[in-house]
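Spelled out from the first residue to the last, the chains are:
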Amino acid sequence: MNAQVIDQYFKDHREEHLEELKAFLRIPSISSLSEHKEDIRKGAEWLKEAMLKAGLENAEVFETEGHPVVYADWLHAEGKPTVLVYGHYDVQPVDPLNLWESAPFDPQIRDNKLFARGASDDKGQTFMHVKAVEALLQLDGELPVNIKFIVEGEEEVGSPNLPLYVEQNKEQLKADVIVISDTGMQGPGRPAVCYGLRGLAGIQIDVKGPKGDLHSGLYGGAVQNPLHAVVEILQSFRDKEGVIQVEGFYEDVLPVSDEERAEFASLEFDLEHEKKEIGITEDFGEKGYSFVERTWIRPTLEINGITGGFSGEGIKTVLPAEASAKITCRLVPNQDPDDIVAKLRAHIDANKPAGVTVEITDFDKGKPFLTPFDHPAIQAAGRSYEKIYQVPTAFTRMGGSVPIVAVFDEVLELPVVLMGFGLASENFHAPNEHFHLENFDKGLRVISDYLFEAAKL
């Protein structure tokens, strides 16, 4: 297929594609909030119809114990490899709503950026794969490879039901390589293929004291304050440099070779630009590790939220009956989420202040992932990026988590190619999420080229 023909197709259909993507983004498919259950289903049905329109076959919405999975395929490239594309159509909540410059589910284009929840993570990137298939089928009537899609609606809540679906449908999902666009580039105009992800372990800590809120004048100083107690527990997790104080937390961390660290250093990461981009004056973290290493190869423990007491306008002299906190840990290769949660529980039990009871609830869990970056399928992705972006491709790790990747690796035993088009500055999981349309345009071409590269594997 002539690259110029493909390029012209995407130019001719750009506005049409963006309007379709906006329709997808208008669906508030928030997987963590029960009131959006029907919106999740609308998102699944919309995607199914988009796949059929693209020329994919056997499109179906499969039920799970939670939100549905969408599957489709095109399997007419006899003797050619099969590419399995994974994505997710669910999105994060939008709070705090007042910080959005435009409504989160009313897509707007400003400065060649598409603003909406899900624009970058991951509706926009998943949509690109569907449109790449549609383009090749429209232009040539066939694909250079066989292709399958599996798109879930629970990634943002840790993919609790997809592992069982994968286990039960191994034959349906049989392929030669898995391609995922839910990661980021190294920076504007700087493509990257990711070969390692951190895992995830999250818990909620609920601290309870008296049976009801108490007057702080009558009882303050004589009754333990659950807010103080939860703060004391949280403070015990890390020292002032961010080193985690949970016993045994680091014992299974897989060491990183000097060669790999040298490769990271060669990426010319601009720390001053990064600080300016995210609005901080100083970086923070373990001594002896760079910003990149702290976010790629070191585990973390972060407080994600604290609740309790009175937070309205003015002051209310109350000693609250309860308080809670949510924390998540990003994990690196060889760390096991269940083991880390057990160690967190032991640490909390050892550091619980007197006068309160503590309940711990497990949340998201996902294993870390690592694959050799010299695998032919990964190197092929690098070649496709280089053709379109006209710069060398970086091979990187990523600090975020895609929990299902480790499951794909273990159950399907296939190479996983993480070729994303997002940028770290695009506010996914935050107000004003957006997607740079330069990467939307180029990404469509990269994906199309990769299907031809994959045919050679």
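How each quantity is defined
- Residues numbered from 1 in each chain as written.
- Predicted model: local features only at pLDDT ≥ 70, side-chain atom pairs only at ≥ 80, totals over all residues.
- Heavy atoms only, no water.
- Helix = DSSP H or I, 4+ residues; strand = E, 2+ residues; numbered from the N terminus.
- Rg over C-alpha atoms; globule rule 2.2 N^0.38 Å.
- Contact = heavy atoms within 4.5 Å.
- Areas by Shrake-Rupley, 256 points an atom, 1.4 Å probe, with all protein chains shown as cover.
- Lys, Arg positive; Asp, Glu negative; His and termini not counted.
- Charge placed at Lys NZ, Arg CZ, Asp CG, Glu CD.
- Pairing = 2+ DSSP bridges.
- Axes fitted to C-alpha atoms, helices over the stretch in contact; angles between N-to-C directions.
- Buried < 20%, exposed > 50% of the residue type's maximum accessible area, 1.4 Å probe, protein only.
- Salt bridge = Lys/Arg side-chain N within 4 Å of Asp/Glu carboxyl O.
- Disulfide = S-S within 2.5 Å.
- Left-handed = near helix turned anticlockwise from the far one by under 90°.
- Core = buried A, V, L, I, M, F, W, Y, C linked by side-chain atoms within 4.5 Å.
- Arc of directions from axis to C-beta.
- Polar contact = N/O pair within 3.5 Å; in protein donor to acceptor, adjacent residues only side chain to side chain.

**Student:** Can you walk me through the overall build of the protein in this structure?
**Tutor:** Within the protein, the secondary structure is distributed over 14 helices and 18 strands. Relative to the compact-globule value of 23 Å for 457 residues, the protein shows a C-alpha radius of gyration of 23 Å, a close match. When the backbone C-alpha atoms are referred to their principal axes, the protein occupies close to 80 × 50 × 45 Å. A fraction of 79% describes how many contacts in the protein between residues 6 or more apart in sequence connect residues 24 or more apart. Taken as a whole, the protein presents about 20,600 Å² of accessible surface, with 49% of it coming from carbon and sulfur. Both charge centroids of the protein, one from 44 positive and one from 77 negative side chains, sit 2 Å from each other.

**Student:** Can you help me understand the sheet that holds strand S5 (residues 113–115) in this one?
**Tutor:** In any sheet, the strands associate via hydrogen bonds between backbone groups, in a parallel or an antiparallel arrangement. Spatial strand order, S4-S5-S18: three strands in an open sheet with antiparallel pairing. Where the open sheet ends on each side, the last strands, each with one partner, are strand S4 (108–110) and strand S18 (434–436). Strand after strand, the sheet turns through a mean of 25° between neighbouring axes, direction not considered.

**Student:** Explain the side chain of threonine 371 to me, please; I cannot follow it from the model alone.
**Tutor:** With respect to the helices and strands, threonine 371 occurs in the loop between strand S15 (369–370) and helix H12 (376–389). Excluding residues within four positions of it along the chain, threonine 371 makes contact with Tyr195, Ile378 and Val416.

**Student:** Would you take a moment to explain the pairing of strand S9 (residues 199–208) for this structure?
**Tutor:** Along a regular strand, successive side chains alternate from one face of the sheet to the other. Taking burial as the measure, the 10 residues of S9 include nine buried ones, the bulk of the element. Relative to strand S13 (residues 322–331), S9 runs antiparallel, the two being bridged by 10 bridges. Among the inter-strand pairings, glutamine 204 is bridged to a residue of S13, identified as lysine 326.

**Student:** What is the right way to read the pattern of salt bridges from this model?
**Tutor:** Two side chains that carry opposite charge are able to pair once their charged atoms sit near each other. Tallying each qualifying case throughout the model produces 32 salt bridges. When the shortest N-O distance is used, the salt bridge between lysine 365 and aspartate 338 registers 2.7 Å. Of this pair, lysine 365 sits in strand S14 (residues 357–366) while aspartate 338 sits in helix H11 (residues 337–351); the two residues are 27 residues apart in sequence, bridging distant segments of the chain. In this structure, lysine 387 engages aspartate 449 in a salt bridge whose closest nitrogen and oxygen atoms are separated by 3.3 Å. Residue lysine 387 is found in helix H12, and its partner aspartate 449 is found in helix H14 (residues 437–454); the two are separated by 62 residues along the sequence. Here the residues in one salt-bridge network are Glu16, Glu20, Lys53, Lys131 and Glu134, joined through shared partners.

**Student:** Please explain the side chain of lysine 22 as it appears in this structure.
**Tutor:** The residue lysine 22 is located in helix H2 (residues 14–25) in this model. Classification of lysine 22 by relative accessible area gives buried; the value is 13%. Other than its neighbours up to four places away in sequence, lysine 22 contacts Pro107, Ile109 and Leu114.

**Student:** So what exactly am I meant to see when it comes to the sheet that holds S9 here?
**Tutor:** Reading across from one edge, S11-S13-S9-S14 is the order of the four strands in this open sheet, with antiparallel pairing throughout. Looking along the sheet, the strands with just one partner apiece sit at the ends: strand S11 (302–308) and S14. Ignoring strand direction, the axes of neighbouring strands in this sheet form an average angle of 15°. Strands S9, S11, S13 and S14 of the sheet are contacted by helix H7 (residues 226–235), whose axis makes an angle of about 15° with S13. Strands in contact with H11 are S9, S13 and S14; relative to S14, the strand with the most contacts, it is inclined by about 165°.

**Student:** Any chance you could explain the state of the cysteines here in plain terms?
**Tutor:** One way to say it: the disulfide is the covalent bond shared by the sulfur atoms of two cysteines. A full pass over the atoms with the stated rule returns zero disulfides. Cysteine cysteine 194 is unpaired, with the sulfur of cysteine 329 as its nearest cysteine sulfur at 20 Å.

**Student:** Help me out: how do you make sense of the packing of helix H1 (residues 3–12) against helix H4 (residues 123–140) in this one?
**Tutor:** Axis angle and axis distance: for two packed helices, these are the angle between their axes and the distance between the axes, and together they describe the pair. Contact pair H1 / H4: the axes reach a minimum separation of 11 Å and the direction vectors enclose 115°. Helix-helix and strand crossings are classified by hand; for H1 and H4 the assignment is right-handed. Counted together, Val5, Ile6, Tyr9 and Phe10 of H1 and Lys131, Ala132, Glu134, Ala135, Leu136, Gln138 and Leu139 of H4 form the full contact between these two elements.

**Student:** I tried to follow the nonpolar core on my own but got confused; where do I start?
**Tutor:** Among the nonpolar cores identified, the biggest contains 72 residues, and Met51, Ile147, Val417, Met419, Phe421, Phe440 and Tyr450 are the most heavily contacted of them. Not counting residues up to four positions away in its chain, the partners in contact with phenylalanine 421 are Gln125, Met128, Ser181, Thr183, Met185, Tyr385, Tyr389, Phe435, Asn439, Gly443, Val446 and Ile447.

**Student:** What is the right way to look at H1 in this model?
**Tutor:** The periodicity of an α-helix, 3.6 residues per turn, causes residues three or four positions apart to be oriented the same way. For H1, the complete set of buried residues consists of Ile6, Tyr9 and Phe10. Looking straight down H1, one finds its buried side chains confined to an arc of 95°; they lie on one side. Residues of H1 that are exposed and angled more than 90 degrees away from the buried face: Gln4, Lys11 and Asp12. Contact partners of the buried residues in H1: H2, H4 and H14. The residue sitting at the N-terminus of H1 and contributing the capping side-chain oxygen is asparagine 2; that oxygen lies 2.7 Å from the backbone nitrogen of glutamine 4.

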